[in-house]
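# Observations on chain architecture
What follows is each chain in one-letter form.
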Amino acid sequence: MKIATWNVNSLNVRLPHVLQWLNEHQPDVLALQELKLDQDKFPHEAIRAAGFQAAWYGQKTYNGVAIIARETPQDVVYGMADFEDPQRRVIAATVNGVRIVNAYCVNGEAVGSEKFAYKKQWFAALQGCLKAELAAHEALVLLGDFNIAPSDADVYDPKKWHEKILCSSEERAWFQALLDLGLHDALRELNPHEPLFTWWDYRMNGFKRDLGLRIDHVLLSEKLMAQAHSYGIDRAARAAERPSDHAPVWVQLRA
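An account of the accompanying structure is given in this report.

Scanning the model with the defined rule gives eight aromatic pairs in all. Considering the side-chain rings of Tyr57 and Tyr78, the 5.3 Å spacing of their centres and the 50° angle between planes classify their relative orientation as tilted. Taken as a pair, Tyr57 in strand 3 (residues 53-57) and Tyr78 in strand 5 (residues 74-78) lie far apart in primary sequence, 21 residues in all. Judged by its relative accessible area of 43%, Tyr78 falls in the partly exposed class. Every member of this aromatic cluster is reached through a ring pair, and the members are Phe116, Trp122, Phe123 and Trp174. The side chain of Lys2 reaches across the aromatic face of Trp250, ending 4.6 Å from its centre. Above the ring of Tyr104, the side-chain terminus of Arg89 is found at 4.7 Å from the ring centroid.

Pasting the structure below:
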């Protein structure tokens, strides 16, 4: 089973990229973040014509998440229980017996800001949500754009980013709290030592200079981590014309 995630930074703009990627890579599941379109504007006909089904939670201008899969997503849940949030950032569904939780996590803007306080509340809610999901689903994956680089190995210049947004000790503790629920950082466990980047700023030729961060993640439950045998970060998609600033990330599971 091939499970992938991609922050597309506007599905209207990146739909041709997504359709091409689905055709070339044939994932079983592709989780998208930052759709930036209303619920009724999702291109479900184009997705269906490509041979896939979808569940989505759209929002105009900002946010929005979707789960695209070969099989129709089942038991779809929108948002997080007990956390009222006008921002549409989470969708969960079951695909082929695997619980998929797709999250577009809060950026936070700057450490100590009001948006950072919202990010703290949001991650606390996500932790509670995942605790409940894991109690109900042994085979679970939490994936998406977390807006957290978990360690200095995930940052092109740790000194420059030290205690800055996305890289602060507090945010890294929130990420660790998710792992402490029994989840595994699949990419880092499959590749413990090498730098791994998934996002490059549009500015300053960030991609060409490889000034990247790893903020897109695939976290697997114990059962699924035992089945994980390979991963990929598709830099070719980031190098395409009019790309998202994120690359698709995937993990392959044994049957």
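Let's shift gears to the pattern of salt bridges. Evaluated as defined, the whole model comprises 13 salt bridges. Note that Glu109 is salt-bridged to Lys115, the shortest N-O span being 3.7 Å. In this structure, Arg235 and Asp210 form a salt bridge, with 3.1 Å as the shortest nitrogen-oxygen distance. Here Asp210 lies in the loop between strand 10 (199-200) and strand 11 (212-213) and Arg235 lies in helix 8 (residues 235-238), a separation of 25 residues in the sequence. The network of salt bridges with common partners includes Asp154, Asp185, Arg188 and Arg214.

Let us now look at the side chain of Asn7. As for its placement among the helices and strands, Asn7 is situated in strand 1 (residues 2-7). Assessed through its relative accessible area of 0%, Asn7 is described here as buried. At 3.0 Å, the side chain of Asn7 forms a polar contact with the backbone nitrogen of Asn9. Within the structure, the side chain of Asn7 is placed 2.9 Å from the side chain of Asp145, a separation counted as a polar contact. Not counting the four nearest positions on each side in its chain, Asn7 is found in contact with Gln33, Glu34, Tyr104, Asp145, Asp216, Ser244 and His246.

What follows is about helix 3 (residues 114-136). For helix 3, spanning 23 residues, the distance from its first C-alpha to its last is 34 Å, which sits close to the expected 33 Å at 1.5 Å a residue. Within the sequence span of helix 3, burial applies to Phe116, Tyr118, Lys119, Trp122, Phe123, Ala125, Leu126, Cys129, Leu130, Glu133 and Leu134. Its buried side turned inward, helix 3 meets strand 6 (90-95), strand 7 (98-104), strand 8 (140-145), helix 5 (169-179), strand 9 (183-185) and strand 12 (216-221).

By definition, a disulfide links two cysteine residues through a covalent bond between their sulfur atoms. Applying the stated criterion across every chain, the model contains zero disulfides. Unpaired in this structure, Cys105 has its nearest cysteine sulfur neighbour in Cys129, at a distance of 11 Å. Residue Cys129 is classed as buried on the basis of its relative accessible area, which comes to 15%.

Looking now at the sheet that holds strand 6. The strands making up a sheet associate through backbone hydrogen bonding, with each pair oriented either parallel or antiparallel. Strand order in the open sheet formed by six strands is 5-6-7-8-12-9, with mixed pairing between adjacent strands. Because the sheet does not close on itself, it has two edges, and the strands there are strand 5 and strand 9. Put simply, the sheet's adjacent strands are angled 20° from each other on average, direction ignored. As defined by bridge partners, strand 8 adjoins strand 12 across five bridges and the pair is classed as antiparallel.

This part takes up the sheet that holds strand 14 (residues 249-253). Strand order across the open sheet formed by six strands is 3-4-2-1-14-13, with mixed pairing between neighbours. A single partner strand is all that each edge strand has here, and the edge strands are strand 3 and strand 13 (228-233). Strand-to-strand, the axes of this sheet are offset by a mean angle of 15°, without reference to chain direction. Relative to strand 4 (residues 65-69), strand 2 (residues 29-33) runs antiparallel, the two sharing five bridges. Along strand 4, the bridge assignment pairs Leu32 with Ala66.

Before going further, it helps to examine the layout of surface pockets. If you add up the space inside the largest pocket, you get close to 850 Å³. Lining the largest pocket are 34 residues, and of these Tyr104, Asn107, Glu109, Asn147 and Leu166 lie nearest its centre. For the lining of the largest pocket, the elements supplying multiple residues, two or more each, are helix 3 and helix 4 (158-161).

This brings us to unusual backbone geometry. Unusually for a residue other than glycine, Asn9 sits at a positive phi of about 50°. Assessed through its relative accessible area of 11%, Asn9 is described here as buried. Non-glycine residue Ser10 carries a positive phi angle of around 100°. Mapped onto the elements of the fold, Ser10 is located in the loop between strand 1 and helix 1 (11-25). Looking at Ser10, the relative accessible area reads 11%, which means it is buried.

About the cut-offs
- Residues numbered from 1 in each chain as written.
- Predicted model: local features only at pLDDT ≥ 70, side-chain atom pairs only at ≥ 80, totals over all residues.
- Heavy atoms only, no water.
- Phe/Tyr/Trp six-rings, centres within 6.5 Å; stacked < 30°, edge-to-face > 60°.
- Helix = DSSP H or I, 4+ residues; strand = E, 2+ residues; numbered from the N terminus.
- Buried < 20%, exposed > 50% of the residue type's maximum accessible area, 1.4 Å probe, protein only.
- Lys NZ or Arg CZ within 6 Å of the ring centre and 35° of its normal.
- Salt bridge = Lys/Arg side-chain N within 4 Å of Asp/Glu carboxyl O.
- Polar contact = N/O pair within 3.5 Å; in protein donor to acceptor, adjacent residues only side chain to side chain.
- Contact = heavy atoms within 4.5 Å.
- Expected span 1.5 Å × (residues − 1).
- Disulfide = S-S within 2.5 Å.
- Pairing = 2+ DSSP bridges.
- Axes fitted to C-alpha atoms, helices over the stretch in contact; angles between N-to-C directions.
- 1 Å grid on protein atoms, 1.4 Å probe; cavity = no way out; pocket = protein on both sides within 12 Å on 5 of 7 lines; lining within 4 Å.
- Points joined across faces, edges and corners; volume = space filled by probe spheres on them.

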